Amino acid sequence: MSQDALRELTEQKYKYGFVTDVEADQAPPGLNEEIIRLISRKKGEPQFLLDWRLKAYKHWLTMEEPRWAYVHYRPIDYQSIVYYSAPRPKKQLGSIDEVDPELRKAFEKLGIPLAEQQRISNVAVDAVFDSVSVATTYKAKLAEKGVIFGSFSEAVQHHPELIERFLGSVVPAGDNFFAALNSAVFSDGSFAYIPKGVRCPMELSTYFRINAENTGQFERTLIVADEGSHVSYLEGCTAPMRDENQLHAAVVELVALPGAEIKYSTVQNWYPGDAEGRGGIFNFVTKRAKAMERAKVSWTQVETGSAITWKYPSCILQGDDSVGEFYSVALANNRQQADTGTKMIHVGKRTRSTIVSKGISAGHGQNAYRGLVRIGKNATGARNYSQCDSLLIGDQCGAHTFPYIEVKNPTAKVEHEATTSRIAEDQLFYCRQRGLSQEDAVSMIVNGFARQVLKELPMEFAVEAQKLLGMSLEGSVG
Amino acid sequence: MNRAEESLQAALARPAPAGEPGFLAALRRAGADDFGRLLLPTTRHEEWRYTSLAGLADLALAPAEPGAAALPAGFALPPAPRLVLVNGRIDPSRTDLAGLPPGARVGSLAAAIRERPGAVEPLLGRGPFGDHAFAALSDALFADGLHLELPAGVAVEAPIHVVHLTLAGAGQAVGAFPRSLLLLGEAARAVVVEHWTGSGSYLAAGLTQASLGERSALELVRVQDEAPGAFHVGLVGVSQLGGSRFTSRSVALGARLARVETRAVLAGEETENHVDGLYVASGSQVHDHFIHVDHARPHGLSREWVKGILDGSARGVFTGRVLVRAGAQKTDASQVSSNLLLSEEATVDTRPQLEILADDVKCSHGGTVGQLDEDALFYLRSRGLDRATARALLTWAFAAEMVERLPAPVREGVRRLVTARLPDGARLQEAA
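Please read these numbers as outputs of a predicted model, since none were measured by experiment. Each chain has its residues counted from 1, following the order in which its sequence is written. A letter from A marks each chain and a number from 1 marks each ligand, given out in the order of writing. It should be noted that, the model being predicted, local features are given only for residues of pLDDT at least 70 and side-chain atom pairs only at 80 or more, the latter also being counted only at that level, while totals for whole chains, interfaces and linings use all residues. Based on all heavy atoms of the structure, the side-chain values leave hydrogens and waters out of the count.

## Some details on the overall build of chain A
Working definition: helices are DSSP H or I runs of at least four residues, strands are E runs of at least two. Numbering for both runs from the N terminus. In terms of regular secondary structure, chain A is built from 11 helices and 24 strands. Looking at chain A residue by residue over its 478 residues, the buried ones come to 63%. Values of accessible area rely on a 1.4 Å probe in the Shrake-Rupley scheme; residue burial ignores everything except the protein chains shown. Accessible area of chain A: about 18,000 Å², with a carbon and sulfur share of 49%. For every residue, the accessible area (1.4 Å probe, protein chains only) is compared with the maximum for its type, and the residue is labelled buried under 20%, exposed over 50%, or partly exposed between those bounds.

## A short note on the pairing of strand β13 (residues 280–291) of chain A
Residues and elements named next belong to chain A. Counting buried positions along β13 yields 11 of 12 residues, so the element is predominantly enclosed. At least two bridges found by DSSP between two strands is the condition for calling them paired. With six bridges connecting them, strand β11 (residues 251–256) and β13 associate as parallel partners. Bridge assignment links Val251 to a residue of β13, and that residue is Thr286. Here β13 pairs with strand β15 (residues 308–311) via four bridges, running parallel. Residue Asn283 lies in a different strand from β15, and its bridge partner there is Thr309. Sheet topology note: the β13/strand β16 (residues 314–317) ladder contains four bridges and is parallel. Along β16, the bridge assignment pairs Arg288 with Ser314.

## Some thoughts on the packing of aromatic side chains
What counts as a ring pair is set by centres within 6.5 Å for rings of Phe, Tyr and Trp (its six-membered ring), and what kind of pair is set by the plane angle: stacked under 30 degrees, edge-to-face over 60, tilted for all other angles. In this structure the tally under the stated criterion is 21 aromatic pairs over all chains. Arranged with centres 5.2 Å apart and planes meeting at 50°, the rings of Tyr73 of chain A and Phe282 of chain A form a pair that is tilted. Of the two residues, Tyr73 of chain A sits in the loop between α3 (47–61) and β2 (85–87) while Phe282 of chain A sits in strand β13, which places them 209 residues apart along the sequence. One aromatic cluster is present, built from ring pairs that chain together Tyr57, Trp60, Trp68, Tyr73, Tyr78, Phe177, Phe178, Phe282, Phe284, Trp310 and Tyr312 of chain A. Residue placement shows Arg259 of chain B over the ring face of Trp48 of chain B; its charged tip is 3.8 Å from the ring centre. Any Lys NZ or Arg CZ found within 6 Å of a ring centre and within 35 degrees of that ring's normal is scored as a charge over the ring.

## Things to note about helix α7 (residues 374–382) of chain B
Definition of a polar contact: a pair of N or O atoms within 3.5 Å, with one able to donate and the other able to accept a hydrogen when the atoms are protein atoms, and with sequence-neighbouring residues admitted only if both atoms are side-chain atoms. Capping of α7 of chain B at its N-terminal end is provided by Asp373 of chain B; its side-chain oxygen lies 3.1 Å from the backbone amide nitrogen of Asp375 of chain B. Gly384 of chain B sits one or two positions beyond α7 of chain B and adopts a positive phi of about 100°.

## A word on the environment of Asn87 of chain B
Residues and elements named next belong to chain B. For Asn87, the location among the structural elements is in the loop between β2 (82–86) and β3 (89–90). Using a relative accessible area of 7% as the deciding quantity, one classes Asn87 as buried. Separated by 23 residues in sequence, Asn87 and Ala64 have C-alpha atoms that sit 5.4 Å apart. Only heavy atoms enter the contact rule, under which two residues are in contact if any of them lie within 4.5 Å. In this structure Asn87 touches Ala64, Glu65, Leu165, Thr166, Leu167 and Ala176, once residues within four positions along its chain are discounted. At 2.7 Å, the side chain of Asn87 forms a polar contact with the backbone nitrogen of Leu167.

## As for the interface of chain A and chain B
Tallying the contact residues gives 31 residues for chain A and 34 residues for chain B. Defined here as a combined quantity, buried area equals the accessible surface (1.4 Å probe) lost by two parts on assembly, summed across both. With both chains or domains summed, chain A and chain B bury close to 2,700 Å², and 47% of this area falls on carbon and sulfur atoms. The working definition used for a salt bridge is a side-chain nitrogen of Lys or Arg within 4 Å of a carboxyl oxygen of Asp or Glu. In this structure, the connection of chain A to chain B is made through three salt bridges. Between Arg422 of chain A and Asp360 of chain B there is a salt bridge; the shortest N-O distance is 3.3 Å. Across the contact surface, chain A and chain B share 12 residue pairs in polar contact (both at pLDDT 80 or more). Top element by residues in the side of chain A that touches chain B is strand β23 (residues 398–407) of chain A. It accounts for 10 residues. Note on residue categories: nonpolar means Ala, Val, Leu, Ile, Met, Phe, Trp, Tyr, Cys or Pro, charged means Asp, Glu, Lys or Arg, and polar means any other residue, Gly included. Here the side of chain A that touches chain B is built from residues that sort into 14 nonpolar, 10 polar and seven charged. Two elements, β23 of chain A and strand β20 (residues 347–356) of chain B, share six bridges in a ladder whose sense is antiparallel. Each bridged residue has a counterpart across the sheet, and for Val407 of chain A the counterpart in β20 of chain B is Val348 of chain B.

## Details of the nonpolar core
Put simply, buried Ala, Val, Leu, Ile, Met, Phe, Trp, Tyr and Cys residues joined by side-chain atoms within 4.5 Å make one nonpolar core. Leu204, Leu254 and Trp299 of chain A together with Leu148, Leu150, Leu182 and Leu218 of chain B are the most contacted members of the largest nonpolar core, which totals 80 residues. Here Leu218 of chain B is in contact with Leu182, Leu184, Ala190, Val192, Ala210, Leu212, Arg245, Phe246 and Thr247 of chain B, once residues within four sequence places are set aside.

## Focus: the environment of Asp424 of chain B
All names here are of chain B. You can see Asp424 is positioned in the loop between α9 (408–421) and α10 (425–431). The class for Asp424 is partly exposed, based on a relative accessible area of 39%. With 35 residues separating them along the chain, Asp424 and Thr389 place their C-alpha atoms 7.1 Å apart. Sequence-distant contacts of Asp424, defined by excluding residues within four places in its chain, comprise Ala388 and Ala392.

In short, geometric facts, not functional conclusions.
What follows is the structure, encoded as structure tokens:
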């Protein structure tokens, strides 16, 4: 392909790069105990939560930023970040129509069906803007079934007993550097509770957007699926274009009680920075699920955005016969760096896990799969299958695979396979001679490569993810 | 600092042997300084994550003295040409270098440094073991080892045996740091067989460096049968020029804890690198294989295959890392770690890693961990074999694949050592 066409396509603008002019209620930059007390006060939190935050902060002070990931970036100045930014005015919202029209416009640009009358798909959305949850749709309908879904702060007010019981039960306050930071300063996020035996009538969804300058987004998501319940949850992310790197350090905890099933899907499209690697989001996320007896947790992620991705959605297969799944497509184009994978910790007997990871590297992108499969002493009859495939587009990018396999039980069956390849000339030639353009051919081959993962996504997301992949990649083959 | 580190620091503080050339004194000083900074690795080091040296930390290591002590029971010296080192120093009475072709220099590294410092100096660095505590120790403390230098076109047909004996007296642990340097000129060929054994409680930390000229071929066989109280750390550094072929075949049987670390840089085009490993561990033994292959140029081929048999509460560790640098197109690399667990308590940790910065490559890795196949056991029993013999036979079959790859002159000896280590291996001996 000609150099011009290549440049044109790789310079494709980030579609979601707009800034919404909403007056924000911000804390001064920097982090200290006062800021944490301020966040907690602003949100009117009970004492136990403030204590928990302060404990996390004290622990965080003793920790070092991890350096083992295959990513490179300039040190982050944690004192220059604004830890709390809320769109103002913030009053109690009775219905969706009361949401600030500027905000609503922003979400419309993102294509989030915030206003119920515009809705076609059956998805309940909780939208998080900078650090604060602004609106939740379809609340009443969910309440009929006893499903609690909304912002984390609301849940703290209305269901403190659930928060106290489950918060930190999967990702403890001092789990790792970024999780500890999040535990200390998280401002909002989503909370969902599915009661015993209930099949959630619709997909739950959260949309995250970072808007204000120099803010970090530290949201916390907690999903509890009580015995025998079922829920599917979608998460989407965008951010405006900024020259500065913005920090996003979220924590997601999933609790699947006996017999429950949680399906968690992510399409992450944070601003990846420009072609020279200026700006973009640092996406340092801790996601973990605990599955009790016969429970099933499935993570599906499509990671196309962020300057740096550092995330390992994990499953602790605590109960006997529990099942963990991880399906991932990670794409690194231009100067993007992704170090992502999963951990499958087999504790219970006959626990099973499947890992399918597809990494795509283009431009100067660096893509690493890092995963751990641990078969514990008592995990008799445990089974794991892992497959990590990498696709290289261009000769300046890199694809890396770092699997860790720890087996402490001889009855376990563990398999790991990995391949690395590039788009074959003969595949391209075949498509071209059938009349497809170079771009369409590449897009088709890449989508074929990622198909195994994309088919795990709920329908609405699968279409978007496919488009995203095509958009982020077109023209990167020269 | 723990006891081992204190005793090593004391050894490092002793003055270097007199009469060494200036470059060596500088190398030793840098090694001592680096070890003082690094100290022994702990499981907090990513590369030592699964291998704890806590047991070594309790040993106070005395510098190994030269000695003509008796050979360990059951150990027979291999045929000439052979070089015998006792506690890291050459034992002239047992060394016999007959049968070498003209032009081949085979002998003591210490003598080569004395006689031809200019030729040895440029090659005596730490190579790919830059910030490695044991390489730093080797620089600071090595006394002697094999020096092999083959001019262009010289081929040594008979295997060159190097026997590393470490003999610790009762109640006193010792440390030995043999160092070998293997230089092969264009199209030269050699087979080097290292035998590691000893008695008592000791640390044997060897560093072998090989530099392969264009189209040369080196096969390095390591038979590690150290005493049950030994800690074995074997570092093998390799640099390869175009068209050369390096083959490492490691058989690890003994020691309380053993780690073999092979690091190869494929610096020329169309190089081949093969690293095979077989280990048999039982009781509370820890066996660790660490392999790093750096594909720096196009058309390289590398094959890593390590098989482990674990019984008792033994631990096996495999780390394989293939780095394909930008521009190293048409690289073909594969890594396989296969493990057989014979008991409830045995554990395996494996990390087959790929780091790929070129787009036209073929790289794969695989890892398996499993037990003996019940169907195969049933088949053998239906043919009249008792359960123990059937198990022994299948276990041997798993190991045999690696043993058969060894060069013919050492195969039979290794077969006997391996079967003696297998559970119910005696049954196989009877059958043979």
